Amino acid sequence: MHKINEKIVLGLKGIRKTYEGPPAVTALSGIDLQINKGDFAAIVGPSGSGKSTLLNIASGLEKPSVGQVLLDGIDLATLSREQLCDLRRQSLSFIFQSFNLFPVLSAVENVEFTLLIRGDNKKAARQKARESLELVGLGDRWKHLPSELSGGQQQRVAVARALALQPSIVFADEPTANLDSKNALSLIDLFVTLNKSHHMTFLISTHDHRVVDRASRKVEIMDGLLMN
Ligand code: ADP
Ligand code: MG
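1. Comments concerning the site of ligand 1
- Taken together, Tyr19, Val25, Ala27, Pro46, Ser47, Gly48, Ser49, Gly50, Lys51, Ser52 and Thr53 make up the full set of residues near ligand 1.
- Taking Lys51, its side chain carries an N or O atom lying 2.8 Å from an oxygen atom of ligand 1.
- Interatomic distance of 2.9 Å between a side-chain N/O atom of Ser52 and an oxygen atom of ligand 1.
- At the level of secondary structure, the elements contributing two or more residues to the shell around ligand 1 comprise β2 (25-36) and α1 (51-58).
- Tallying contributions element by element places α1 first for the shell around ligand 1, with three residues.
- Split into classes, the residues belonging to the shell around ligand 1 amount to four nonpolar, six polar and one charged.

As structure tokens, then:
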């Protein structure tokens, strides 16, 4: 499990994915993609083109039918189930379209939860969680439950949770899809700030041209194939 190249965060080589069905559906037909440290990459394509499948495979949530996924230089296929869980916990964050917050936990508890699972001690986790909420502009809302926050604010809690883990890469699957345009714009601004000032690496799937316009790299996908 040695590291191959520190600059490359994610490498996808010859990725194919067929869902067996019936009927069998080929979602990805041979994807080669490399994401470098500091990239802000957008995957753009129509509904059904394979964006979610690509992100799920790149993040180790699903296995490819064929091909290799390298995360921080580590070939995911060489890992046991447990090692894969550990690597996913240490190296990446995933921001979903629905915010996936625990309704009974406050903002700060939602953020620190993943840190505690990872093994951080209580005091360090609380401090890190407060700092992360501060960074996303929710420093004064840390005690609030998700139901006491707007959709945009809930999405920011999800971003704070991703940020707190200091991952090598952040995956986001259509993160602005459930937000109104004001909240969508401020979420994108937040991503750009985190990318520029904290060198966080992003791979984001989106339909949203406002996300695409801010991206440093644009990757187009059509029928399971990259166009450029
Ligand atoms: P996108 O995110 O771009 O809308 P998806 O990656 O979700 O596209 O889907 C790509 C294709 O794979 C679609 O034809 C979709 O119906 C199919 N698909 C996705 N997930 C599954 C699954 N679990 N079982 C069968 N087919 C699937
Ligand atoms: Mg999708």
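From this point on, the discussion continues.
2. Focus on the packing of aromatic side chains
- Applying the stated criterion across every chain, the model contains five aromatic pairs.
- For the ring pair Phe40 and Phe202, a centre distance of 5.4 Å and an interplane angle of 45° mean the geometry is tilted. Pair noted here: Phe40 is in strand β3 (residues 40-44) and Phe202 is in strand β8 (residues 202-206), with a separation of 162 residues, a long-range link.
- Assessed through its relative accessible area of 2%, Phe40 is described here as buried.
- With a centroid separation of 4.9 Å and 70° between ring planes, the pair formed by Phe102 and Phe113 is classed as edge-to-face. Taken together, the residues Phe102 in the loop between β6 (92-95) and α3 (107-118) and Phe113 in helix α3 connect sequence positions 11 residues apart.
- Of note, Arg130 hangs over the ring of Trp142, and the distance from its end group to the ring centre comes to 4.0 Å.

3. Section: the pairing of strand β7 (residues 169-173)
- Burial analysis of β7 places five of its five residues in the buried class, which makes it a mostly covered element.
- Here β7 shows two buried faces, one formed by Ile169, Phe171 and Asp173 and the other by Val170 and Ala172.
- Taken together, the four bridges between β6 and β7 define a ladder with parallel strand orientation. Bridging from a neighbouring strand, Phe94 pairs with Phe171 of β7.
- For β7 and β8, the ladder comprises four bridges, and the chain directions are parallel. Along β8, the bridge assignment pairs Asp173 with Ser205.
- Note that the unit made of β7, helix α6 (residues 181-198) and β8 has a crossover that is right-handed.

4. Topic: the pairing of strand β1 (residues 8-19)
- Sheet analysis places β1 next to β2, joined by nine bridges and oriented antiparallel. Paired with Ile15 across the two strands is Ile31, which belongs to β2.
- Hairpin connection, β1 to β2: the antiparallel pair is bridged by five residues, and Gly21 has positive phi, about 75°.

5. Examining the environment of Leu179
- Its location among the elements puts Leu179 in the loop between β7 and α6.
- What makes Leu179 buried here is its relative accessible area of 12%.
- If we ignore the near neighbours within four places in the chain, the residues touching Leu179 are Phe99, Gly151, Gly152, Gln155, Ala184 and Leu187.

Reading guide: rules and limits
Residues numbered from 1 in each chain as written. Chains lettered and ligands numbered in written order. Predicted model: local features only at pLDDT ≥ 70, side-chain atom pairs only at ≥ 80, totals over all residues. Heavy atoms only, no water. Near = heavy atom within 4 Å. Polar contact = N/O pair within 3.5 Å; in protein donor to acceptor, adjacent residues only side chain to side chain. Helix = DSSP H or I, 4+ residues; strand = E, 2+ residues; numbered from the N terminus. Nonpolar A, V, L, I, M, F, W, Y, C, P; charged D, E, K, R; others polar. Phe/Tyr/Trp six-rings, centres within 6.5 Å; stacked < 30°, edge-to-face > 60°. Buried < 20%, exposed > 50% of the residue type's maximum accessible area, 1.4 Å probe, protein only. Lys NZ or Arg CZ within 6 Å of the ring centre and 35° of its normal. Pairing = 2+ DSSP bridges. Right-handed = clockwise from strand over helix to strand, strands pointing away. Contact = heavy atoms within 4.5 Å.

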